[in-house]
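# Fold and contact review
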Amino acid sequence: MAEPLKVDFQAPGALGGGDCVVFVGDDLKLVPAVAKQLGPKVADLIVRAAAAEQFKGKARSVMAVAAPASLAADRLIVVGVGGEKDRAAFDWVQLGGAIAGKVTGRQATILADMPGLQATPDALADLALGARLRQYSFDRYKTKKDDGNGNGQGATRLTFAVADPAAAKRVQKARDGMAAGIVMARDLVNEPPNVLGPEEFAVRAEALRKSGVEVEILDERAMRKLGMGALLGVSQGSRREARIVIMRWNGGKAGQAPVAFVGKGVVFDSGGISIKPGGGMEDMKGDMAGAACVVGLMQALASRKAKANVVGAIGLVENMPDGNAQRPGDIVKSMSGQTIEIINTDAEGRLVLADVLWYVQDRFKPRFMVDLATLTGAILVALGQEYAGLFSNDDELAGRLSAAGEATGEKVWRMPVGPGFDKMIDSKFADMKNSAGRHAGSSTAAAFLQRFVNDVPWAHLDIAGTGFGSPQSEINRGWASGWGVRLLDRLVRDNYEG
Ligand code: BES
Ligand code: MN
Ligand code: ZN
């Protein structure tokens, strides 16, 4: 692992060695207080260096000036925050990522006063979060430690010079759990499938107990008793037993119905008997990104002691071809009592979710259920890696998810469900079939799930495009994104607390 980023706050004053980070607008000007502290030579240096480097002070652009004569610092790092038009929805997390990209393995003092923007404790905590996420790398299995990923470079230290260090520190501490949650989700998705089977995944989730989360694990015996034939049908081709993990955070009023999050946790999806082609099949170790997000979310909520009752439930199975594997043509009976004809064993995620969704609404009577799943390749065709697909039977919940998406940058795009798609999954031999072919593949998958939510307000997020392999950004240089943890934390924070 790259060494973790250390964040500290101090009152403005000495620079403290290492790099000095300052902010300018698109006019290349520092705020007066910083200009005064650093002197006119530094302001002049910025203007001349900017001309030479064609640095325009655009939001998140960064320029490094080495060994500045007029400043007691190794480097002057000039960070652009753009102009008026960039202020409304300023992305502090991305800004933090951009800064961390320049100071990896170093020590930096950040003069946090910036033009046109209020560097509140909240904003700085977001900035630090972005820096932490940028710093993340998954190198547990690399035996050579200096691979240019920041390994072997020593710790990165960011010291913010702010007027009220104590207040900033308090908010920062509360935000640490968010970073921990996202890192946990990324680690789970990045882990190879030989290491992370259903049982091992469940053991990792049990670590949440340390943060006050109740964790309960169902094994296959328990699932059989409950009649979860849909999930068990997927699991029967694997040597490794399935698990369901129920996590409960009770931070809200006693007796208040919980909100619920459900994750698809296929630790490896070979396709089963309807086996996938070989190219890129290794990516299917990430077919548990929905479950990983739910675990990361529970970690984040518990760390900040969210004032809400929350249930997280994940279905952990492996989808393998085997002498005992389920076949196309098989008919299985779900916990709900509804029967399902298997058309394609590669449409396994919906079978897993069918039983977990039914179980959760039946046992917990939640205010809503949101499921996350790397469910269909079709959602990649429709939305690429920019948006997760959002399917819902409830406009209010869908609206709240969209708003949380805009606020966090983890964006969702509403896609249709409804009777037309529902009809497409009717089966000749059973109550429904698990695949309706190529047309509207993401919507027919959602229609399938909807048959198991029993009219509870529900939203399904198809994260096949956003959960892993996303384009590199200022806050993600790796494969797993940890997508959804910030989105759902925001959903809870803005609508379901207090
Ligand atoms: N896990 C896959 C979907 C997927 C594809 C996730 C690419 C991430 C990246 C899912 O289980 C699957 O195989 N879906 C099939 C459904 C089809 C057989 C109806 C698909 O999308 O092709
Ligand atoms: Mn599949
Ligand atoms: Zn799958």
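Residues numbered from 1 in each chain as written. Chains lettered and ligands numbered in written order. Predicted model: local features only at pLDDT ≥ 70, side-chain atom pairs only at ≥ 80, totals over all residues. Heavy atoms only, no water.

Now for the layout of surface pockets. Approximately 710 Å³ is the volume attributed to the largest pocket. Lining the largest pocket are 33 residues, with Arg350, Leu375, Thr376, Gly377 and Ala378 sitting closest to its centre. At the level of secondary structure, the elements contributing two or more residues to the lining of the largest pocket comprise β9 (259-269), α11 (378-383) and α14 (441-450). Across the lining of the largest pocket, the residue classes break down as twelve nonpolar, 13 polar and eight charged. (1 Å grid on protein atoms, 1.4 Å probe; cavity = no way out; pocket = protein on both sides within 12 Å on 5 of 7 lines; lining within 4 Å. Points joined across faces, edges and corners; volume = space filled by probe spheres on them. Helix = DSSP H or I, 4+ residues; strand = E, 2+ residues; numbered from the N terminus. Nonpolar A, V, L, I, M, F, W, Y, C, P; charged D, E, K, R; others polar.)

A separate point is the pairing of strand β6 (residues 157-161). The side chains of a regular strand alternate, residue by residue, between the two faces of the sheet. Along β6, four of the five residues are buried, which leaves the element largely enclosed by surrounding structure. Direction of pairing for strand β1 (residues 6-10) relative to β6: parallel, over a ladder of five bridges. Bridging across to β6, Phe9 finds its partner in Phe160. By the bridge criterion, five bridges tie strand β5 (residues 107-111) to β6 in an arrangement that is parallel. If you follow Thr109 over to β6, its bridge partner there is Thr159. (Buried < 20%, exposed > 50% of the residue type's maximum accessible area, 1.4 Å probe, protein only. Pairing = 2+ DSSP bridges.)

Between two aromatic rings, the relevant description is the distance of the centres plus the angle of the planes. All told, the structure shown has eight aromatic pairs when counted by the stated rule. Look at Phe468 and Trp479: their rings are 4.6 Å apart centre to centre, the planes differ by 25°, and that puts the pair in the stacked class. Of the two residues, Phe468 sits in the loop between β17 (458-462) and α15 (485-495) while Trp479 sits in the loop between β17 and α15, which places them eleven residues apart along the sequence. Judged by its relative accessible area of 8%, Phe468 is buried. An aromatic cluster is present here, built from Phe261, Phe368 and Tyr496 joined pairwise through their rings. For the cation-ring pair, Lys411 lies above Tyr387, with the distance from its terminal atom to the ring centre recorded as 4.9 Å. (Phe/Tyr/Trp six-rings, centres within 6.5 Å; stacked < 30°, edge-to-face > 60°. Lys NZ or Arg CZ within 6 Å of the ring centre and 35° of its normal.)

Take the site of ligand 1 next. Every one of the 18 residues lining ligand 1 counts as a neighbour, but Lys276, Asp287, Asp346, Glu348 and Gly377 are closest to it. For ligand 1, an oxygen atom lies 2.8 Å from a polar atom in the side chain of Glu348. Separating a nitrogen atom of ligand 1 from a backbone N or O atom of Leu375 is a distance of 3.4 Å. When isolated, ligand 1 has an accessible area of 520 Å², and the protein chains bury 80% of it. Mapping ligand 1 onto the cavity grids shows that it belongs to the largest pocket. Classifying every residue of the shell around ligand 1 by side-chain character gives six nonpolar, five polar and seven charged. (Near = heavy atom within 4 Å. Polar contact = N/O pair within 3.5 Å; in protein donor to acceptor, adjacent residues only side chain to side chain. Areas by Shrake-Rupley, 256 points an atom, 1.4 Å probe, with all protein chains shown as cover. Sits in = over half its atoms within 2 Å of the grid points.)

Attention now goes to the coordination of the zinc ion (ligand 3). Only Lys264 (NZ), Asp269 (OD), Asp287 (OD) and Glu348 (OE) from the protein reach the zinc ion (ligand 3) as donors, at distances of 2.0 to 2.4 Å. For the zinc ion (ligand 3), the six donor atoms are set out with angles of 78 to 175° between them, so the coordination reads as octahedral. Counting along the primary sequence, the residues that act as donors to the zinc ion (ligand 3) give the motif K-x4-D-x17-D-x60-E. Distance-wise, the manganese ion (ligand 2) is placed 3.2 Å from the zinc ion (ligand 3), both being coordinated by Asp269. Linking Asp269 in strand β9 with Glu348 in the loop between β12 (339-341) and α10 (349-364), this pair joins segments that are 79 residues apart in sequence. Asp269 gets classed as buried once you look at its relative accessible area, which sits at 3%. (Donors = N, O, S within 2.8 Å, 3.2 Å for Na, K, Ca; no water. Tetrahedral: all angles 85-135°; square planar, octahedral: opposite > 155°, others 65-115°.)

Attention now goes to the sheet that holds β5. Taken in spatial order, the six strands make up an open sheet running β1-β6-β5-β2-β4-β3, and their pairing is mixed. Edge positions in the sheet fall to β1 and β3 (62-66), since each of these pairs with one other strand and no more. Between one strand axis and the next, the sheet turns by 25° as a mean value, whatever way the strands run. Direction of pairing for strand β2 (residues 19-24) relative to β5: parallel, over a ladder of three bridges. Looking at β5, one finds that Val21 is bridged to Ile110. Lying over the sheet, helix α3 (residues 92-103) contacts β2, β3, β4 (75-80), β5 and β6, oriented at roughly 155° with respect to β4. Packing against the sheet, helix α4 (residues 121-135) makes contact with β1, β2 and β6, and its axis sits at approximately 165° to β6. (Axes fitted to C-alpha atoms, helices over the stretch in contact; angles between N-to-C directions. Contact = heavy atoms within 4.5 Å.)

Quick look at the coordination of the manganese ion (ligand 2) now. Within the protein, the atoms that donate to the manganese ion (ligand 2) are Asp269 (OD), Asp346 (O), Asp346 (OD) and Glu348 (OE), at distances of 2.0 to 2.2 Å. Seen from the manganese ion (ligand 2), its six donor atoms lie at angles of 72 to 168°, and the figure they make is irregular. As a motif over one chain, the donors of the manganese ion (ligand 2) read D-x76-D-x1-E.

Phi is positive for Lys305, which is not a glycine, with a value near 50°. Looking at where Lys305 falls in the secondary structure, it is placed in the loop between α9 (289-303) and β10 (309-319). The residue Asp455 is not glycine, and still its phi comes out positive at about 70°. Assignment of secondary structure puts Asp455 in the loop between α14 and β17. Accessibility expressed as a relative area gives 75% for Asp455, which makes it exposed.

In this section: the sheet that holds strand β11 (residues 331-333). Ordered by their spatial adjacency, three strands build an open sheet running β11-β12-β16, and the pairing between neighbours is mixed. The sheet is open, and its two edges are formed by β11 and β16 (432-433), each paired on a single side. In this structure, β12 lies alongside β16, joined through two bridges in parallel fashion. Residue Glu341 lies in a different strand from β16, and its bridge partner there is Lys433.

Between two packed helices, both the angle of their axes relative to each other and the distance between the axes serve to describe the pair. It is the contact of α4 with helix α5 (residues 165-190), at a shortest axis distance of 8 Å, that shows an interaxial angle of 30°. In terms of axis orientation, α4 runs roughly parallel to α5. α5 is crossed by α4, and the crossing has right-handed handedness. From α4, Pro121, Asp122, Ala125, Asp126, Ala128, Leu129, Arg132 and Leu133 reach across to α5, where they touch Ala167, Ala168, Val171, Gln172, Arg175, Asp176, Met178, Ala179, Ile182 and Arg186. Residues that form the contact of α4 with α5 fall into these classes: eleven nonpolar, one polar and six charged. (Parallel < 35°, antiparallel > 145°, perpendicular 65-115°, else oblique. Left-handed = near helix turned anticlockwise from the far one by under 90°.)

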